[in-house]
Amino acid sequence: MMNWILGMVLAGVVLAEGAVENPKGQREKAQAMQKAGNWKDALEVYRGLLTGVDDEKSGQDLAKAVDSLNQLGQVPETDQLVEGAVAGHPENWRVLEQAANNYQGGPHWGQILDGEFQRGDNQGGGTWTQSSDRDRVRAMQLYLLALEKGGEGMKDGERAQVMERLVSALTM
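Predicted, not measured: the structure shown is a model, and the values here were computed from it.

Visitor: I'm lost on the overall build of the chain in this one. Help?
Guide: Scanning the chain from N- to C-terminus turns up eight helices and three strands. Looking at the chain as a whole, 37% of its 172 residues qualify as buried. Long-range contacts, defined here as pairs at least 24 residues apart, represent 52% of the contacts in the chain between residues at least 6 apart.

Visitor: Got a minute to help me understand the pairing of strand β2 (residues 116-119) in this structure?
Guide: Strand residues, when the strand is regular, have side chains that alternate between the two faces of the sheet. Of the pairings in the sheet, the one linking strand β1 (residues 109-113) to β2 comprises four bridges and is antiparallel in character. Across the sheet, the residue bridging to Leu113 is Glu116, located in β2. Counting the residues that bridge the hairpin from β1 to β2 gives two residues, and of these Asp114 lies at a positive phi of roughly 55 degrees.

Visitor: Just checking my understanding: could you explain helix α8 (residues 156-170) for this structure?
Guide: An α-helical turn contains 3.6 residues, so any two residues separated by three or four positions project in the same direction. Over its 15 residues, α8 runs 21 Å from end to end, which matches the ideal 21 Å to within 8%, given 1.5 Å per residue. Elements in contact with the buried residues of α8: α6 (93-105) and α7 (132-150).

Visitor: Help me out: how do you make sense of the sheet that holds β1 in this one?
Guide: Pairing between sheet strands relies on hydrogen bonds along the backbone, with the strands arranged either parallel or antiparallel. What the three strands build is an open sheet, ordered β2-β1-β3; its pairing is antiparallel. Of all the strands in the sheet, just β2 and β3 (127-130) have a single pairing partner and so form its edges. For this sheet, the mean angle separating the axes of adjacent strands, direction not counted, is 40 degrees.

Rules and cut-offs
- Residues numbered from 1 in each chain as written.
- Predicted model: local features only at pLDDT ≥ 70, side-chain atom pairs only at ≥ 80, totals over all residues.
- Heavy atoms only, no water.
- Helix = DSSP H or I, 4+ residues; strand = E, 2+ residues; numbered from the N terminus.
- Buried < 20%, exposed > 50% of the residue type's maximum accessible area, 1.4 Å probe, protein only.
- Contact = heavy atoms within 4.5 Å.
- Pairing = 2+ DSSP bridges.
- Expected span 1.5 Å × (residues − 1).
- Axes fitted to C-alpha atoms, helices over the stretch in contact; angles between N-to-C directions.

Right, here's the structure in full:
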């Protein structure tokens, strides 16, 4: 919880200072870090991009940030990161679609610890539970929202892809 609060404070500082300078350069830097196995630093760059940039590559930033979390074994932080991105990019259909993809494709289990769901293979001694239904519903909500926010700005192929994934979530 303390990490979440600290993350929100840092996000506020980044947003207060304005957009990230040179997002293309930051993305290239983060990709090089990932390639070198420096997942922690790459994750921090992607978090900065998610809080300071809102463009057509923000959905990819979210996917790569989640990948970094997975590589670091920090799966329990995924939901917080994804929902933070959704809250920070409520009009960006690409972020909404990627968030839905994460719910649809991520692990559908975890533990209830101190009354909160922790996704993935935690060793905290909580009660194991499945999250498939919850994840499917959240994915459908986000796909529908992505279609709504994409509006006329989506190309036919992009719209078809989101609709295909929505159908897949319906049958999940």
